[in-house]
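One-letter residues, chain by chain:
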Amino acid sequence: MSWFKRNSRLHHEPFCGRSVLCRDVAVSLFCMTVATLLASGFFLLSHNTANVAILYVLATVLIAQNTEGYIPGMMASVISVILINMVFTYPYMALNFTRDGYPLTFLGMLLISSLTSTLTTHLKDQTRVLKEREHMLMEAEKEKMRANLLRAISHDLRTPLTGILGAASSYLEQGSQMTDSDRADLVEAIADEAQWLLHMVENLLSVTRINDRTAGVTTSLEPLEEVVSSALQRLHKRIPDSKVQVRIPDDLIMVPMDATLIEQVLINLLENAVYHSGSATPILLTVSADSRLVWFRIRDYGRGIDPDSLDTLFDGYTSTQNRSSDSHKGMGIGLSICRTIINAHHGQISVANHPDGAEFTFTLPLGEHIYESEIDRSDH
């Protein structure tokens, strides 16, 4: 099989080379033919060779821009000088560089065309290199994201699975000796751990909605209020005793987004605030907007976040210092996925402490879609 692939590649490369050569020849002939026809028309109307020279310089630039390597552009420069001398300079249909001033004029024309062709080709090569570098950076970022997710998965799934196995083993080995209340506590613990595992699986499934090639998402205009309302309903189903105060503009705001993914981000951040703040004070969810961005702020009034962890909080791992006593509910995987989703929407996400707790902020771009009425910008 490897012999077949190697020989197929060897046969394929010459074919690609011939294809590129044929395309370059076709592009060059087309540009030179069009330039000659236009130059003939200008020359018949004005008998001005300068206009003719400009057309051929333009043709040379187009050839250099749409072909591979330096040779097509250089050949176009030489052919342009010859055509101008033969077709548009007296004596017509004959090469003549002997008349006064002609050698300098045509040497200048050749030099300008050659330099233009070389610069155009060089810029095209630089653009190609920059695109390749950007592609490599994107691939590196995706690999980093995968590594962070795998690390977060192994870290955050281990503890709830251990808890489930431990509780199940205790129930099987000592269930007959336990009281009904103890058995109920074990089953409740198993159900709680399983619910958290289900939540993390939903997080992982949400990442599959992100295009692997472009690291982007398919967006559509969604009413902001409905997305926030849906996220809160899902949160209350999972955590019935959660308390969230919401401040959202009265105006109808249509935001380009993947609604399912943004709901997942809101749920992750709100759940983190509930589980890790260590406070019974209601969480504050504030939404505001300007002409370019929509701002989401989730503020809790608890213990805050260790300052040493702020810079790495979205990398997929958090130390146990910031975890509640319910330690299986780690922040790592959820926050890493939040950043992945927001980046795919071309937004930004950040976290900071305030005097009474912590605040997560993320933005979504509005693009050309502006909300229907003017919003009070006093918050900004």
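Here goes a summary of the coordinates provided. (Residues numbered from 1 in each chain as written. Predicted model: local features only at pLDDT ≥ 70, side-chain atom pairs only at ≥ 80, totals over all residues. Heavy atoms only, no water.)

Describing the overall build of the protein
Item 1. When helices and strands are tallied, the protein shows eight helices and seven strands.
Item 2. The burial tally for the protein puts 39% of its 380 residues in the buried class. (Helix = DSSP H or I, 4+ residues; strand = E, 2+ residues; numbered from the N terminus. Buried < 20%, exposed > 50% of the residue type's maximum accessible area, 1.4 Å probe, protein only.)

Details of the pairing of strand S4 (residues 283-289)
Item 1. Across the seven residues that make up S4, a large majority, seven, are buried.
Item 2. Because side chains alternate across S4, one face comprises the buried residues Ile283, Leu285, Val287 and Ala289, and the other comprises Leu284, Thr286 and Ser288, equally buried.
Item 3. Here strand S2 (residues 244-247) runs beside S4; their pairing, made up of four bridges, is parallel. If you follow Gln245 over to S4, its bridge partner there is Leu284.
Item 4. The antiparallel pairing of S4 with strand S5 (residues 293-299) creates a hairpin that spans three residues between the two strands. (Pairing = 2+ DSSP bridges.)

A few points about the environment of Leu150
Item 1. With respect to the helices and strands, the residue Leu150 is situated in helix H4 (residues 102-174).
Item 2. With relative accessibility at 59%, the residue Leu150 sits in the exposed group.
Item 3. Residues Leu150 and Ile333, spaced 183 residues apart in sequence, show a C-alpha to C-alpha distance of 8.8 Å.

What to know about the packing of aromatic side chains
A ring pair, where both rings are aromatic, is described by two values, the distance of the centres and the angle of the planes.
Item 1. Summed over all chains, the structure comprises two aromatic pairs.
Item 2. Ring centres of Phe296 and Phe362 lie 4.4 Å apart, and the angle between their planes is 5 degrees; on these two criteria the pair is classed as stacked. In this pair, Phe296 sits in strand S5 while Phe362 sits in strand S7 (residues 357-365), placing the two residues 66 residues apart along the sequence.
Item 3. Here the aromatic rings of Phe314 and Phe360 are separated by 6.1 Å at their centres, their planes lie at 90 degrees, and the arrangement is edge-to-face. Residue Phe314 is found in the loop between S5 and helix H8 (332-344), and its partner Phe360 is found in strand S7; the two are separated by 46 residues along the sequence. Here Phe314 and Phe360 have matching classes, each one buried. (Phe/Tyr/Trp six-rings, centres within 6.5 Å; stacked < 30°, edge-to-face > 60°.)

Section: the sheet that holds S4
Item 1. With mixed pairing, the five strands of this open sheet are ordered in space as S2-S4-S5-S7-S6. Unpaired on one side and paired on the other, S2 and strand S6 (348-354) mark the two borders of the sheet. Geometrically, the sheet is characterised by an average inter-axis angle of 15 degrees between neighbouring strands, direction not taken into account.
Item 2. Packing of helix H6 (residues 224-238) onto the sheet brings it into contact with S2, S4 and S5, and relative to S2 it is tilted by some 180 degrees. (Axes fitted to C-alpha atoms, helices over the stretch in contact; angles between N-to-C directions. Contact = heavy atoms within 4.5 Å.)

Concerning unusual backbone geometry
Phi is mostly negative for residues that are not glycine, and the peptide bonds are mostly trans.
Item 1. Phi is positive for His346, close to 65 degrees, though the residue is something other than glycine.
Item 2. With respect to the element layout, His346 can be found in the loop between H8 and S6.

Brief notes about helix H7 (residues 259-276)
Item 1. Relative to the 26 Å expected for 18 residues at 1.5 Å per residue, H7 spans 26 Å between its end C-alpha atoms, a close match to the ideal helical length.
Item 2. Burial runs high along H7: 15 of the 18 residues are buried.
Item 3. You can read the cap of H7 off the contacts: a side-chain oxygen lies 3.2 Å from the backbone nitrogen of Thr260, and it is on Asp258.
Item 4. Gly278 occupies a position one or two residues after H7 and carries a positive phi of about 70 degrees. (Expected span 1.5 Å × (residues − 1). Polar contact = N/O pair within 3.5 Å; in protein donor to acceptor, adjacent residues only side chain to side chain.)

Here we look at the pattern of salt bridges
Item 1. Counted by the stated rule, this structure contains six salt bridges.
Item 2. Between Asp24 and Arg23 there is a salt bridge; the shortest N-O distance is 3.6 Å.
Item 3. The exposure class of Arg23 is partly exposed, given its relative accessible area of 37%.
Item 4. A salt bridge links Asp125 to Arg128, with the shortest nitrogen-to-oxygen separation between them at 2.8 Å. (Salt bridge = Lys/Arg side-chain N within 4 Å of Asp/Glu carboxyl O.)

Considering the packing of H6 against H7
Item 1. One can describe the packing of H6 onto H7 by two numbers: an axis separation of 9 Å at closest approach and a directional angle of 50 degrees. When the axis of H6 is compared with that of H7, the two are oblique. Where H6 crosses over H7, the two elements pack in a sense that is right-handed. The segment H6 lies against H7, with Val227, Val228, Ser230, Ala231, Leu232, Arg234, Leu235 and Arg238 engaging Ala259, Thr260, Ile262, Glu263, Gln264, Leu266, Ile267, Leu270 and Glu271.
Item 2. Broken down by class, the residue content of the contact of H6 with H7 amounts to ten nonpolar, three polar and four charged. (Parallel < 35°, antiparallel > 145°, perpendicular 65-115°, else oblique. Left-handed = near helix turned anticlockwise from the far one by under 90°. Nonpolar A, V, L, I, M, F, W, Y, C, P; charged D, E, K, R; others polar.)

A short note on a nonpolar patch on the surface
Item 1. Together, Phe30, Val34, Leu38 and Phe42 make up an exposed nonpolar region whose accessible area comes to about 380 Å².
Item 2. Looking at the secondary structure, you find Val34 in helix H1 (residues 2-46). (Patch = residues over 30% accessible without salt bridge, like charges linked within 9 Å, V, L, I, M, F, W, Y side chains within 5 Å. Areas by Shrake-Rupley, 256 points an atom, 1.4 Å probe, with all protein chains shown as cover.)

Considerations on the pairing of S5
Item 1. In this structure, S4 lies alongside S5, joined through six bridges in antiparallel fashion. Residue pairing across strands places Thr286 opposite Arg297, the latter belonging to S5.
Item 2. Judged from the seven bridges that link them, S5 and S7 form a sheet pairing that is antiparallel. From the neighbouring strand, Arg297 faces S7, where its bridge partner is Thr361.

Quick word on the side chain of Asp290
Item 1. Inspection of the secondary structure assignment puts Asp290 in the loop between S4 and S5.
Item 2. Among buried charged residues, Asp290 stands out as having no salt bridge; its nearest opposite-charge side chain is Arg292, 4.6 Å away. (Lys, Arg positive; Asp, Glu negative; His and termini not counted.)

What to know about the packing of helix H2 (residues 49-66) against helix H3 (residues 71-87)
Item 1. Interhelical geometry of H2 versus H3 gives an angle of 165 degrees and a closest axis separation of 9 Å. Here H3 runs roughly antiparallel to H2, going by the angle between their axes. Here H2 runs over H3; the crossing is right-handed. Seen from H2, the contacting residues are Thr49, Val52, Ala53, Tyr56, Thr60, Ile63 and Ala64; seen from H3, they are Pro72, Gly73, Ala76, Ser77, Ser80, Leu83 and Ile84.
Item 2. Here the contact of H2 with H3 is built from residues that sort into nine nonpolar, five polar and no charged.

Function cannot be inferred from these measures alone, as they are strictly geometric.
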